[in-house]
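Architecture and fold: a report
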Amino acid sequence: MTATTARSTAPVATLRGAGFGRVLLAEWTKIRSVRSTIWSLIALVVLDLTFTALFTLLNETQWDNNDPQFRARFVADPTSLILGGGLQLGQLAICVLGVMVITAEYSTGTIRASLLAVPRRLPVLAAKSIVFGLLVLALGTGVSFASFFIGAPILHSKAPVALGDPGVLRAVLGGGLYLAMLGLFALAVGAIIRHTAGGITAVVALAFVLSIVSQLLSGSLGKHMRAYLPIQAGGLITHAQQSQNDLLTPWQGYAVFAAWTLLLLLIAAILLRRRDT
Amino acid sequence: MTRPGVPMIEARHLTKRYGDKTAVHDLSFSVEAGRVTGFLGPNGAGKSTTMRLLLGLDRPDSGEATIGGRHYPDLPRPLGVVGALLEARAVHPDRSAYHHLLYLVQTQGLGRRRVDEVLDLVGVRQVAGRRAGGFSLGMGQRLGIAAALLGDPPVLVLDEPVNGLDPEGVLWIRNLMKQLAAEGRAVFVSSHLMNEMAVTADHLIVIGRGRLIANCSTSEFIARSTPRTVLVHSPDAGRLADLVVTEGGTVSHDGSEALTVTNLNAARIGELAAAEGLVLHQLTPHHGSLEQAFMDLTHDSVEYASAPARHTEGANR
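Treat the numbers as computed from the prediction; the structure is a model and nothing was measured. (Residues numbered from 1 in each chain as written. Chains lettered and ligands numbered in written order. Predicted model: local features only at pLDDT ≥ 70, side-chain atom pairs only at ≥ 80, totals over all residues.)

Within chain B, the regular secondary structure consists of 11 helices and 13 strands. Dimensions of chain B, computed from the C-alpha atoms along their principal axes, are close to 80 × 45 × 40 Å. Looking at chain B residue by residue over its 317 residues, the buried ones come to 42%. In chain B, the share of contacts with a sequence separation of at least 24, taken over all contacts with a separation of at least 6, comes to 70%. (Helix = DSSP H or I, 4+ residues; strand = E, 2+ residues; numbered from the N terminus. Buried ≥ 20, exposed ≤ 12 C-beta atoms within 10 Å, placed from the backbone. Contact = placed C-beta atoms within 7 Å.)

Another aspect to go through is the overall build of chain A. When helices and strands are counted, chain A shows 12 helices and zero strands. In sequence order, chain A lays out its α and β elements as α-α-α-α-α-α-α-α-α-α-α-α. For chain A, whose C-alpha radius of gyration is 21 Å, the value lies close to the compact-globule estimate of 19 Å for 277 residues. Dimensions of chain A, computed from C-alpha atoms along their principal axes, come out at roughly 75 × 40 × 35 Å. The buried share of chain A, reckoned over its 277 residues, is 43%. Taking the contacts inside chain A whose residues are at least 6 apart along the sequence as the reference set, 80% of them involve residues at least 24 apart. (Rg over C-alpha atoms; globule rule 2.2 N^0.38 Å.)

What follows deals with the sheet that holds strand S7 (residues 186-191) of chain B. All names here are of chain B. Read across the open sheet, the six strands follow the order S5-S6-S7-S3-S8-S9; overall the sheet is mixed. In this open sheet, the two strands that pair with only one neighbour each are strand S5 (82-85) and strand S9 (211-217). When strand polarity is set aside, the average angle formed by the axes of neighbouring strands in this sheet is 15°. (Pairing = 2+ DSSP bridges. Axes fitted to C-alpha atoms, helices over the stretch in contact; angles between N-to-C directions.)

Our next topic: the interface of chain A and chain B. Contacts between the two partners involve 31 residues from chain A and, on the opposite side, 36 residues from chain B. The element contributing the most residues to the side of chain A that touches chain B is helix H2 (residues 17-32) of chain A, with seven residues.

Once that is clear, we can look at the sheet that holds strand S2 (residues 21-32) of chain B. Residues and elements named next belong to chain B. Spatially, S2-S1-S4 is the arrangement adopted by the three strands of the open sheet, whose pairing is antiparallel. Looking along the sheet, the strands with just one partner apiece sit at the ends: S2 and strand S4 (62-67). Strand after strand, the sheet turns through a mean of 15° between neighbouring axes, direction not considered. Two elements, strand S1 (residues 7-18) and S2, share eight bridges in a ladder whose sense is antiparallel. Following the sheet pairing, Arg 17 is matched in S2 by Thr 22. Its contacts with the sheet place helix H1 (residues 47-54) against S1, S2 and S4, and it is angled at close to 115° to S1.

Now for the domain arrangement of chain B. Along its sequence, chain B is carved into domain 1 (7-217) and domain 2 (227-286). A separation of 47 Å is found between the C-alpha centroids of domain 1 of chain B and domain 2 of chain B. (Domains from an automatic or database assignment.)

This part takes up the nonpolar core. Counting residues in hydrophobic clusters, the biggest one holds 128 residues, and the most contacted among them are Leu 54, Leu 101, Ala 146 and Val 157 of chain B. Here the element with the most residues in this core is helix H8 (residues 168-193) of chain A; it accounts for 14 residues. If near-sequence neighbours (up to four positions away) are discounted, Leu 101 of chain B is found in contact with Val 115, Val 118, Ala 146, Ala 147 and Leu 150 of chain B. Residues Ile 82, Leu 83, Val 161 and Val 172 of chain A belong to the second largest nonpolar core, which totals 13 residues. (Core = buried A, V, L, I, M, F, W, Y, C linked by C-beta atoms within 7 Å.)

Time to look at unusual backbone geometry. Residue and element names in this part refer to chain B. At Asp 26, a residue that is not glycine, the phi angle is positive and equals roughly 45°. As for its placement among the helices and strands, Asp 26 is situated in strand S2. With phi around 45°, Glu 160 is a residue other than glycine that occupies positive phi space. Its location among the elements puts Glu 160 in the loop between strand S6 (155-159) and helix H5 (167-182).

Residue and element names in this part refer to chain B. Within the secondary structure, Phe 188 sits in strand S7. On the basis of neighbour count, Phe 188 is assigned to the buried category, with 30 C-beta atoms found within 10 Å. As a C-alpha pair, Phe 188 and Gln 126 span 62 residues in sequence and 29 Å in three-dimensional space.

In this section: the environment of Leu 149 of chain B. Residues and elements named next belong to chain B. Relative to the assigned elements, Leu 149 resides in helix H4 (residues 137-149). Leu 149 sits 107 residues away from Ser 256 along the chain, and the two C-alpha atoms are 57 Å apart. Contact partners of Leu 149, with chain neighbours within four places excluded, come to Gly 83, Val 118 and Leu 121.

Burial of H1 of chain B is extensive: eight of the eight residues sit out of reach of the surface. Gly 56 of chain B sits one or two residues past H1 of chain B and shows a positive phi near 75°.

Residues and elements named next belong to chain A. Orientation of helix H9 (residues 196-216) relative to helix H10 (residues 219-227), taken along the N-to-C sense of each, is 165°, at an axis distance of 8 Å. Of the possible angle classes, the one that applies to H9 and H10 is roughly antiparallel. Of the two elements, H9 crosses H10, and the hand of that crossing is left-handed. Residues Ser 211, Ser 214 and Gln 215 of H9 pack against Gly 222, Met 225 and Arg 226 of H10. Here the contact of H9 with H10 is composed, by residue class, of one nonpolar, four polar and one charged. (Parallel < 35°, antiparallel > 145°, perpendicular 65-115°, else oblique. Left-handed = near helix turned anticlockwise from the far one by under 90°. Nonpolar A, V, L, I, M, F, W, Y, C, P; charged D, E, K, R; others polar.)

Residues and elements named next belong to chain A. Tracing the chain through its elements places Leu 47 in helix H3 (residues 35-61). By the C-beta count within 10 Å, which is 16 here, Leu 47 ends up partly exposed. In this structure the C-alpha to C-alpha distance between Leu 47 and Leu 89, which are 42 residues apart in sequence, comes to 7.2 Å. Setting aside residues up to four positions removed in sequence, Leu 47 forms contacts with Leu 89, Gly 90 and Ala 93.

The structure is reproduced here in C-alpha cells:
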C-alpha cells in the first residue's frame, strides 16, 4: 500500500495562520450566499418569538385553570418556561439547518469543489463548524433575550422575574449557547450520515427518541440515563435554578452536551479524512 | 507555463476497488505539459475514477498519483496547480455563479478580481448573479471551466467536458483546450467519443475495464488501429477480386460491382487492373471510421455490451 505510506509521512492537516483564515472566510461566503439558509434563520426568529408570546399569553390568561404543581414550577423558575416555549420550536429548525449545512454539500456535489480547493479536508469541517456555530450563537442569543423581554412582562403579574435575579442572565445567555451547541451536534451527525433525510432522522433519534426510551426505564437507571442524554443535559443551561429533580447543575449539563457534540465531531472528522467523496 | 514535454501528472500502478469490483487496475501513465492528452474509454471503463484518484477525492487501494511531483492533498494552493472539471456538477443550485467562484478564490487567498476575470474569460459575466440551478447545461459547463481556471493552473483535468453541449459549446471547449495546451499547460481530458478526441487530442491514453489499452500519439493510434481499405467499383469485379487475392490482398465481394479490399493499396490495385485491361469505375482509399477502430480495440472491455445485432448496427452508422 504505497499510497498510504506516502501519505502518512505528510504533515497532518494544518489549522494554522492565514491558511485557516481563508477557509473560514470561504465558509462564511458559502453560508450567506444560499438564500434558503438565511430564510430558515429568519423563520427561526419569527417562530420562536411568536411561540414565546403565545405560550406566555396563554399561561397568563389560563393561570387559574392550570394545575397547582405547574404553577409552582412556573413561579420557581419562570425563565426556563419563558425560554422553553420558543426553544421547543426553534431547536427543530436548528437541527434541520445544522444537518443541511453539511449534507447539502454532498447532495449538490459542492463537497467535491470544496475538497479540491482544500484537499486536507479537516479545515473545511472545522471552519464550517466555527462559522455555523458562531452564527447560531449570535442569532440564538438575540432570540433568547428578545424572548425573555417578550415573555417576562406578559407574566409579570403571575410570576415576576428580572434579568438581575439569580441565574436568570446565565439562563438567557444559555438559550443561545444551547442552540449553538445543538447546531454543531446536528452538523456533526449530518457530516457522518451525509444524507439530508437520514441525517435529520438520526438527529431526531439521538435528541428526542432516546429520551422517550429512557422514560420507559423505571427508577434510578432511567433517571440517570435521562440526565446524561444530550438534549436533556444541554437544556439545563436555560434553567435559572437547578431543580431538586436535576442530577446535574446547568453548567455540568452543558458540559455533557458539549462532550456528546465533540465526540460526534471527532467521528465526523475521522470519517471525512478516510472516506472517498 | 511549463516547458512542453515535462510530465505533470504521473499515475503509477493505480488500483481502485469498490467492493469486489475493480474499477481501475494497475494503471500507469503520465500526462505531459504543452499538449492535450485524451483519456479515452467506453462508459464505465474507469476514467472518472482515475481522475478522482488523481485529485485525491478517492484513495487508491494501491499505487499512487502525483501532480507536479506531489500528491494532490499535499499541494498548498491546489487550485493554482490543477484546475478540474468533474463530470457531475459541483455547484449548489441556490448559490450564484459569482458566489461559487468567490468562495473558491477565498480558499486560495486570491483576490475578488480574479472572479471577474474568469467570468469574462468564459463569457458568463452577465448571468453571474443568478442562481446556478437555473443555468443551462452549456452555462453550467462554462461555470465549471471558470472554476477550473481560477488559479491559472499549469495542469487541467477535464472529465467529459463536451458532454451534452450544443455544437457551439463543443467548438468553444475544443478551441479552449488547444489554446491552453499551446500556452504550455498539460490538458488531460476524458471522453468516450473517439471522433471528439481525434480532433482535439495530441496524445491518447485508452483504457477499458480499468486497464491500459493504448498510450500513444493520436496519429499513431489512428494508423495502428485502422485497417486501410480500398473501395473498388468495376464491371469485372469478379476477375479483379481473384487478381487481388493472388497478390495477397483480402476481398469482400457480394457479387455486385463493388469490392472492398484490405491489405493492398489503391495504386497496386490500379496497376493490376491496367495490366489486365479491366475497367475501373471507382478506386477509393478508405480510412475506415475512427470510431470503428476504437470500438474494435475496446470491444472486449466494454462493460455492458449491447446485443450483437444492435452493436453492429450502431457501429455501421
